[in-house]
Amino acid sequence: DVKVTQSSRYLVKRTGEKVFLECVQDMDHENMFWYRQDPGLGLRLIYFSYDVKMKEKGDIPEGYSVSREKKERFSLILESASTNQTSMYLCATLSDGGNTIYFGEGSWLTVV
Amino acid sequence: DAKTTQPNSMESNEEEPVHLPCNHSTISGTDYIHWYRQLPSQGPEYVIHGLTSNVNNRMASLAIAEDRKSSTLILHRATLRDAAVYYCILSVWGGSQGNLIFGKGTKLSVKP
């Protein structure tokens, strides 16, 4: 019954490494989102996509990029990881019409 | 812009009802209201959602004001397992694009 899968649950990366966080959904949804969650700051939108190859910046896109080559997969990329990107990253999808949200389980990234 | 406002924290006694409020005064007619909860180190867990009418499920009830500018999540009998951060989320739909508007979350503490 898994609907949104984030490939890595816990990662430890070194400063300067390129990091890929994958999100895969099996519901044919067009709208997908990447958030980061930090204590005291709530959930902040990094990027979202409303179709294949379409992407829009969210509130905090700096230091991140995304890729949506196929409808089911929305990847978040940290080109050169930094310690201030240590966080929990959460992927979500929204059904057409907006009546259902699906979240992944989250990916906890530590950059050392 | 759409916005949701929630109290930072609430306390309840075990076995008593809990009413968690959310203000969304800028809601539009097609925006859904969703409630999720999150435990530490976990992704958000679905609680309930609705559009215009009150909703009930096995976990909770959702009371939506007649003008839809506010809603209340009702846990009928709080248990220790209900201690979590509860998020009120609007899904905003326009054309083929959707967006999610998160509240900051209400941290619910349940006392035995």
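Up top is the structure these notes are about.
All values derive from a computational prediction rather than experimental measurement. (Residues numbered from 1 in each chain as written. Chains lettered and ligands numbered in written order. Predicted model: local features only at pLDDT ≥ 70, side-chain atom pairs only at ≥ 80, totals over all residues. Heavy atoms only, no water.)

Participant: Quick question: what am I supposed to make of the interface of chain B and chain A here?
Facilitator: By convention, interface size is frequently given as the accessible area that disappears when the constituent parts associate. Taken residue by residue, the interface counts 20 residues in chain B and 28 residues in chain A. Between chain B and chain A, a total of about 1,900 Å² is buried, with carbon and sulfur atoms accounting for 61% of that surface. Broken down residue by residue, the surface that chain B buries against chain A is led by Trp93, Leu100 and Phe102 of chain B, which jointly contribute 28%. One can count zero salt bridges joining chain B with chain A. Applying the counting criterion to the chain B and chain A interface returns nine residue pairs in polar contact (both at pLDDT 80 or more). (Contact = heavy atoms within 4.5 Å. Buried area = accessible area lost by both parts, 1.4 Å probe. Salt bridge = Lys/Arg side-chain N within 4 Å of Asp/Glu carboxyl O. Polar contact = N/O pair within 3.5 Å; in protein donor to acceptor, adjacent residues only side chain to side chain.)

Participant: Quick question: what am I supposed to make of the sheet that holds strand β1 (residues 4–6) of chain A here?
Facilitator: Remark on secondary structure: sheet strands pair via backbone hydrogen bonds, oriented parallel or antiparallel. Residues and elements named next belong to chain A. Taken in spatial order, the four strands line up as β1-β3-β8-β7 in an open sheet, and their pairing is antiparallel. Looking at the sheet topology across the chains shown, the edges are occupied by β1 and β7 (65–70). Ignoring which end each strand starts from, the neighbouring axes of this sheet average 20° apart. By the bridge criterion, three bridges tie β1 to strand β3 (residues 19–25) in an arrangement that is antiparallel. Pairing of Thr5 across the sheet is with Val24, part of β3. (Pairing = 2+ DSSP bridges. Helix = DSSP H or I, 4+ residues; strand = E, 2+ residues; numbered from the N terminus. Axes fitted to C-alpha atoms, helices over the stretch in contact; angles between N-to-C directions.)

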